[in-house]
Structure formats: structure tokens, C-alpha cells
Amino acid sequence: MNFKPFSIGSITISKPLLQAPLDGWTNEPFRRITRELGAPVSVTEFINGLDVVHKTPNLPQRIAFDESERPIIFQLFDDDPQRLIDSACILEARCHPDAFDINMGCSARQVANRGAGAGLLRHPEKIETIISGIRAKVSVPVTAKIRLGWDDDSINYLEVGKIVEDCGAAMITLHARTRKQEYSGHADWSAIAAMKVSLHIPVVGNGDVVTVADAERMINETGCDAVMVGRAMLRNPWIFAGYDFEEVPMDLFRDTCRKHLRYNMEYYGEQWGCVTFRKFAKRYLSRLEVSREDMLKLMTTDDPASFCGYFDALLNGETL
Ligand SMILES: Cc1cc2nc3c(=O)[nH]c(=O)nc-3n(C[C@H](O)[C@H](O)[C@H](O)COP(=O)(O)O)c2cc1C
């Protein structure tokens, strides 16, 4: 792989292959796994400005990270510029993240229709207030993650990119789909190339990278400074070590799977750690031939000892 380091402001990122923020997935245990496999930076799941300002009970888990994860980027979302600015100030004082990323791409109805996430793309004037406002108040770099626009009739990523850059952002990530597309169709990588030539700050390309070859192709075809991998890493965090899913050496595969379960149990406690690991287990075990009955047994047990025993046996290629 011919990957070159790049910078987010004063932070040097050793490898241009980034872990995407994924709500419900990129929690502390999973991020530790991606980092140990070679991801050069951690990005949290998006953190709601409302939760920060109102100190809701789920906030501590959203902002928890292990010091070994540095550099870590906190991703924030909200529709209210002042609340986003306040949230960044509160979190900087409390957790000292290495950068803040502002979510301007989330397509989920409850987020975008409230005017947050991709909803912000319809209000470039708010984007200006948000990026300038946070930049003025925090000492770390501020970045943004956007989509092409709200829909085909309102493509404005180049305009938004210029605003973000002019307001002092240190990097921009483009998920090359519109909000209306959500996850359908294909990401338009030509837009990533267009953004790269129109801006001076680092441009990160995102959308539909599944294999190591895809990541290389995105860099070669678009000239982007880095590639961000989302859904594919949920099954294959080994992509950060340079492996496609089917190519991961079996010893490394089993070790990582067991370690991820252990981290999850340490973090969430035994019971909840096993329950929240089910979705990862299902994806990892797709590498092996596991019968429907055995998968069902694994997915339905509530007993942590049984879950661990079953998972171990299935990783070893045994039947239950
Ligand atoms: C379940 C799920 C949760 C996501 N959560 C976030 C999030 O919290 N913040 C964000 O910026 N993007 C989020 N995204 C979008 C991804 O970061 C990424 O932009 C998108 O999946 C496209 O990349 P991919 O084709 O590599 O998956 C989420 C996507 C999915 C599928």
C-alpha cells in the first residue's frame, strides 16, 4: 500500500485510512480494536449537543475513551449553532479531545429533519456560525463531515466546502451521496475529486470502500488525502492492518475476535457486554461456516459463560 501520512492542523496522522464514526458501533471497545489493528485515529460516534448541555445519563458512555486512543476526534451533532459551540467548550474542558468534527451528513430522519446532520446543508449560514464559533472557542482543530447536498436539486458540497475551509476548519470529509440517497446507489467519487481540487485543506473521501484495493483506488482516482471506511470495517476491522476479510490470517482473526469480546465485556460488564457483542459476532462469524441452529444458539443465550464458550467453539470451527 502506498499510503502517505497527512495532517489535521498540528496533528500528524500516520496513515490515510480513517475509521468512520458509526452510531451504535464505534464505541470504545471497537475503536480500541481498530487502533490496535492500525487505524491511526479514533472518531467517536456522534454526540448530541443536547446531551452535552443537559448532561443526560447516556453522555458518559458516548464520550468515554481510553487514553491509548489518542489522537481522538469527538464528533458532535446538533441543529443549534450556539449549543454546538457550548458543547465543544464543555467537552474540551472535561475531556480534552484532540479535535472536534461536526456532523453535517447524518441522513437519519430524527436527526436531519430536526435540522441537524445533513439538515445543516440546507443552511450554509449556520455552518459558517458553527465552524467559526467553535474555532474561536476551542484550542484544537475543527473538522466537518458532509454529504453532496440535501438532494439532487440542491447539490452544494463545493459551496459548503469553501465555507468550512474559509471558517478555519482543518479537514473535511465528504460522504459522496446526497441526504435523499441515504445509503442507496453508489457514492459519486468524482465529487471527491472535484472537492480536492477546489480546496486547500485535507479532503477525506468516504463512501463504498470495502476492500484495501478500493481504498487505494479512491486515493488514486480522486487525489483525496485520506479515505474513511465505514460499514465495511464492522465486519473487517482488519482492513486497517491491510487485509481483506477473506485474507485475514486465521490466528489473527481468532485473536482479534476474542479480544474484542473481552474488551466489550470489560467495558459494559459481562451480561451487557455479551448482548452488545452479538451484532459483531454475527458479522465476524460470516467468515466461517456456522449453521443457522448454532448461530441461533449463540444469539439467544443470556448467559455470558455460555456465550463465550459458544463463540470460542464456533471460532475453532466446532459445532455446538
Ligand atoms: C449504522 C450507521 C451509523 C452511522 N453513524 C454515523 C455517525 O455517528 N456520524 C457520522 O458522521 N456518520 C455516521 N454514519 C455514516 C458513516 O460514517 C459513513 O459516512 C457511511 O456509512 C458511508 O461510508 P461507508 O460506505 O464506508 O459505509 C453512520 C452510518 C451507519 C450505517
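Quick caveat, the model's predicted, so the values are computed rather than measured. (Residues numbered from 1 in each chain as written. Predicted model: local features only at pLDDT ≥ 70, side-chain atom pairs only at ≥ 80, totals over all residues.)

1. Focus: the nonpolar core
Next, step 1: By size, the foremost hydrophobic cluster in this structure holds 75 residues, and its most contacted members are Leu76, Phe100, Ile102, Ile131, Leu174, Val227 and Val229.
Next, step 2: The biggest single contributor to this core is strand β5 (residues 72-77), with 5 residues.
Next, step 3: For Val229, the contacting residues outside a window of four places in its chain are Leu17, Gln19, Ala20, Val209, Ala215 and Ile239.
Next, step 4: By size, the runner-up hydrophobic cluster in this structure holds 15 residues, among which are Leu261, Met265, Val290 and Leu315. (Core = buried A, V, L, I, M, F, W, Y, C linked by C-beta atoms within 7 Å. Buried ≥ 20, exposed ≤ 12 C-beta atoms within 10 Å, placed from the backbone. Helix = DSSP H or I, 4+ residues; strand = E, 2+ residues; numbered from the N terminus. Contact = placed C-beta atoms within 7 Å.)

2. Remarks on the sheet that holds strand β7 (residues 142-147)
Each strand in a sheet pairs with its neighbour through backbone hydrogen bonds, running either in the same direction (parallel) or in the opposite one (antiparallel).
Next, step 1: The strand order across the open sheet formed by 8 strands is β3-β10-β9-β8-β7-β6-β5-β4, and the pairing between neighbours is parallel. The open sheet has two edge strands, β3 (17-19) and β4 (42-48), and neither has a second partner. Taking each pair of neighbouring strands and ignoring which way they run, the sheet shows an average axis angle of 25 degrees.
Next, step 2: Of the strands in this sheet, β5 and β6 (99-104) are in contact with helix α4 (residues 81-95), which crosses β5 at around 150 degrees. (Pairing = 2+ DSSP bridges. Axes fitted to C-alpha atoms, helices over the stretch in contact; angles between N-to-C directions.)

3. What to know about the site of the ligand
Next, step 1: Close to the ligand lie 21 residues, the nearest being Ala20, Asp23, Phe46, Gly230 and Arg231.
Next, step 2: Elements supplying a minimum of two residues to the shell around the ligand: β4 and α10 (231-235).
Next, step 3: A per-class count over the shell around the ligand returns 8 nonpolar, 8 polar and 5 charged. (Near = placed C-beta within 6 Å. Nonpolar A, V, L, I, M, F, W, Y, C, P; charged D, E, K, R; others polar.)

4. So, the domain arrangement of the protein chain
Next, step 1: Its domain assignment divides the protein chain into domain 1 (6-246) and domain 2 (249-315).
Next, step 2: On a C-alpha basis, the centres of domain 1 and domain 2 stand 29 Å from each other.
Next, step 3: Tallying the contact residues gives 9 residues for domain 1 and 9 residues for domain 2.
Next, step 4: If you list the elements that add at least two residues to the side of domain 1 that touches domain 2, you get α1 (28-37) and α10.
Next, step 5: Residue contributions to the side of domain 1 that touches domain 2 peak at 5 residues, all from α1.
Next, step 6: Within the side of domain 1 that touches domain 2, the residues separate by chemical class into 6 nonpolar, no polar and 3 charged. (Domains from an automatic or database assignment.)

5. Focus: helix α7 (residues 157-166)
Next, step 1: Those residues of α7 that fall on the buried side of the exposure criterion are Tyr157, Val160, Gly161 and Val164. Along α7, the residues classed as buried sweep out an arc of 105 degrees about the axis, all on the same side.
Next, step 2: Of the surrounding secondary structure, the elements contacted by the buried residues of α7 are α6 (124-137), β7, β8 (171-175) and α8 (189-198).
Next, step 3: Of the residues flanking the end of α7, it is Gly168, one or two places downstream, whose phi is positive at about 100 degrees. (Arc of directions from axis to C-beta.)

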